[in-house]
Amino acid sequence: MSTPPPRDSQRQRVYAWEDRVVAPQAGGMVAFAAAQPMVDAIWGELGLRFPPKVEKLPHQARRRIADADRLRLRLPPECPPWVLLHELAHCLTSTAEGRSDGHGAAFVGVYVQLLVRYLRLDRDALLASLAAEGIAVQPEARPLFLDGAA
């Protein structure tokens, strides 16, 4: 009998935090055509090879804005930049074998790093707002697929 995957206990709190804290500060939209070059550039700036492939989110996906794993990032025709960074954080905290941090502390840490670096949001303010919401974060988290020698 297989063990069910662990529950993603921070998921709803992270979404609510994004709506209150991140979305109001990160305006504009990213067109689908611009997403792959952005992902490639960010991946390269992080010193990584083999970025995930950006694909269109299926039309029948009605309950989600976007989704991602280590190998692909699925987006709608356009999305806010924080959504692209959220999904990229999922890519960075997942492995090709299917292991994922979900919306755990490592995911939140990587996501905060991306928000600070690419949207120029204030790190201390983000970390304080996460603490106020009771959301666990590893501020110095690294991509899940890197081993200790990387």
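Preceding block: the structure.
Residues numbered from 1 in each chain as written. Predicted model: local features only at pLDDT ≥ 70, side-chain atom pairs only at ≥ 80, totals over all residues. Heavy atoms only, no water.

Observations concerning the side chain of H103
Link 1 in the chain: Relative to the elements of secondary structure, H103 occurs in the loop between α3 (81-92) and α4 (105-119).
Link 2 in the chain: Sequence-distant contacts of H103, defined by excluding residues within four places in its chain, comprise D8, Q10, R11, V14, Y15, H86, H90 and V108. (Helix = DSSP H or I, 4+ residues; strand = E, 2+ residues; numbered from the N terminus. Contact = heavy atoms within 4.5 Å.)

Observations concerning the packing of α3 against α4
Link 1 in the chain: Contact geometry for α3 and α4: axes closest at 9 Å, N-to-C directions at 135 degrees. One way to sum up the angle between α3 and α4 is to call them oblique. Between α3 and α4 the crossing geometry is right-handed. The segment α3 lies against α4, with P81, W82, L85, H86, L88, A89, H90 and L92 engaging F107, V110, Y111, L114, L115, Y118 and L119.
Link 2 in the chain: Per-class residue counts for the contact of α3 with α4 are 13 nonpolar, two polar and no charged. (Axes fitted to C-alpha atoms, helices over the stretch in contact; angles between N-to-C directions. Parallel < 35°, antiparallel > 145°, perpendicular 65-115°, else oblique. Left-handed = near helix turned anticlockwise from the far one by under 90°. Nonpolar A, V, L, I, M, F, W, Y, C, P; charged D, E, K, R; others polar.)

Re the nonpolar core
Link 1 in the chain: By size, the foremost hydrophobic cluster in this structure holds 38 residues, and its most contacted members are W17, L75, L84, L88, Y111, L114 and L115.
Link 2 in the chain: When contributions to this core are tallied by element, the ones reaching two or more residues are α1 (11-22), α2 (32-45), β4 (72-75), α3, α4 and α5 (123-133).
Link 3 in the chain: Excluding its chain neighbours within four sequence positions, the residues that come into contact with L115 are W17, V22, W82, L85, R120, L121 and L126. (Core = buried A, V, L, I, M, F, W, Y, C linked by side-chain atoms within 4.5 Å. Buried < 20%, exposed > 50% of the residue type's maximum accessible area, 1.4 Å probe, protein only.)

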